[in-house]
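Residue-level structure breakdown
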Amino acid sequence: MNHEHVDAERCTTCKREAANAWVAAKQKRLLESLARSGLDVRGLETGDFSEVHGRCCENILGYKKVPLGISSRAVRINDFSVWVPLCTTEGALVASMCRGVKLINACGGAQGAVENLGITRGFALRLGSFRSALELYKWLPRNEDALRRAGDATSRFLRVKAVTAEHLVGSEVFVKVHAYTGDAMGMNMVTKACCAIASHICAVFEGASLAAISSNTCADKKWSAGGFVRGRGRRVSLNAVVDDAHCRSILHVGVEDLLRVYHTKVVVGSSLVLGGHNCQAANYVAAVFLALGQDLGHVVESSNCILSMQRSDCGSLSVSVYMPSVIVGTVGGGTHLEPSRSFLQQFSTADSEFFVTDRSLDSGVAPNYVALAVAAAVMAGELSVMAAIADNTLMDAHLRLNRE
Ligand code: ADP
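Now for a look at the structure at hand. Keep in mind it's a predicted model, so treat the numbers as computed, not measured. Note on numbering: residues in each chain are counted from 1, in written sequence order. Where totals are concerned, whole chains, interfaces and linings use all residues; where local detail is concerned, this predicted model gives features only for residues with pLDDT of at least 70, and gives and counts side-chain atom pairs only at 80 or more. The side-chain figures draw on all heavy atoms in the structure; neither hydrogens nor water molecules are used.

Moving on: unusual backbone geometry. The omega torsion across Cys 218 and Ala 219 is -15°, close enough to zero to call that bond cis. Each neighbour pair has its own omega, and for Glu 338 with Pro 339 the value is 5°, a cis peptide bond. With a phi angle near 65°, His 252 is a residue other than glycine that sits in the positive phi range. Looking at where His 252 falls in the secondary structure, it is placed in the loop between helix 7 (244-251) and helix 8 (255-272). Of note, His 277 is a non-glycine position whose phi angle comes to about 65°, a positive value. Judged by its relative accessible area of 26%, His 277 is partly exposed. Helix and strand definitions follow DSSP, with helices as H or I runs of at least four residues and strands as E runs of at least two, each counted in order from the N terminus. Exposure classes here rest on a 1.4 Å probe applied to the protein chains alone. A residue is buried below 20% of its type maximum, exposed above 50%, and partly exposed in between.

The structure is reproduced here in structure tokens:
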């Protein structure tokens, strides 16, 4: 018998039991407080909390059930196929994606490219005067190598791509760190690197102090024009060419019908409100993120999406989604929790000619496949909803699948 193995197992069991006992005691106190306020909370799911206690959530009352649906078939992208899980309470969302996936596959699958731009964190430094701030602003680019080394030392997976002095405002300098973070989404990792870099600057540049470790210039978990234009995390381009016959048999509308709706809705409608440029990307980003254990705060940026539809030379429809800021990871966050972990196993770690990055610094490959899967779900959903608008069946479908 392997004693070390038995000891390790016993230790894991003890830790699990201790965590669950702690959660149960807290849970009891919280439920009593809620009951005293007249709030009778029902439908809480119990289970093992050891993987989330002290890591993913505080004041745990229980788990909340969310339905998880899946594409009826794996969607074909480049040379691989991926099953797309969705967590949603919106009837018709999964069915709509399935229709789009069926069309994409019937027409030979999609082609996609992913560029890893790296994750970013902006921090701000305060100086005693505008003149000193200007000095620091000029000093930073000359000292970038040392700053990069300070950041790299914080993790064996993180590699700083750049440290940029982006803005000078009054006596404050806004600095941005751009980093590759292996297979992790990387916000915690890049923030740790920022702490080291900011400390280094404050130690060597007289009069500099940290004003804010997170200064909004990244702009993490917020919509920003900069994030849309420059991109952040994974910049994804996905294209599929669908022919009229398949469109008619699967979507019940033709290429011309789709193009007409595209012009009215996405070209003119989005221009009228100076935003959008897609039908419902956020629906699929949110549902895939929840199913795959991604950080839901990133749904806002990750849903940046431009849908493009053009008639191709052969009379088919060339449909593209361009998503400049998909923030995903296969390690860290909630990715260790089931069933997310099981689904994440399908994402390859093999590099591909469709990935653009600096491989001397960037070791993260699997998240590129996740980003493609997110884009594929979006594309499938866009095709299907455009068809439902073209033949005016959108409301019927929702009434049928949403109101049982
Ligand atoms: P994030 O930085 O994405 O917010 P975490 O705070 O959970 O997520 O950090 C990821 C952790 O996972 C780090 O401590 C890192 O060292 C570890 N790790 C293990 N394997 C990898 C990997 N292949 N790529 C990146 N990080 C990894």
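Attention now goes to the site of the ligand. A molecule or strand has a residue near it when one of that residue's heavy atoms lies within 4 Å. Within the structure, the ligand sits among 13 residues, and Asp 183, Gly 186, Asn 188, Met 189 and Gly 332 are positioned closest to it. Pairs of N or O atoms within 3.5 Å make up the polar contacts considered here, provided that, within protein, one atom can donate a hydrogen while the other can accept it, and that residues adjacent in sequence are counted only when both atoms are side-chain atoms. Measuring from a nitrogen atom of the ligand, one finds a backbone N or O atom of Asp 183 at 2.9 Å. Contact with the protein chains covers 68% of the free accessible surface of the ligand, which is 580 Å². Among the detected pockets, the ligand sits in the largest pocket. Here the element with the most residues in the shell around the ligand is helix 5 (residues 187-204); it accounts for three residues. Accessible areas in this description were obtained via Shrake-Rupley with a 1.4 Å probe; residue shielding takes into account the shown protein chains only. Using only the protein atoms, space was sampled on a 1 Å grid; points where a 1.4 Å probe fits but cannot get out form cavities, open sets with protein on both sides within 12 Å along at least five of seven lines form pockets, and lining residues are those with an atom within 4 Å of a point. Think of it this way: a molecule belongs to a cavity or pocket when more than half its atoms come within 2 Å of the grid points there.

The next thing to look at is empty space enclosed by the protein. Grid points are joined across faces, edges and corners, and a volume is the space filled by probe spheres set on the points. Tallying each qualifying case throughout the model produces two cavities of 30 Å³ or more. For the largest cavity, the calculated volume is near 60 Å³. Together, Asn 116, Gly 118, Ile 119, Ala 179, Tyr 180, Thr 181, Ala 184, Met 185, Gly 233, Arg 234, Ile 327 and Val 328 line the largest cavity. Counting only elements with at least two residues in the lining of the largest cavity, the list comes to strand 5 (111-126), strand 7 (172-181) and strand 9 (233-242). Under this grouping Gly is polar, as are all residues other than the nonpolar Ala, Val, Leu, Ile, Met, Phe, Trp, Tyr, Cys and Pro and the charged Asp, Glu, Lys and Arg. Of the residues in the lining of the largest cavity, the class split is seven nonpolar, four polar and one charged.

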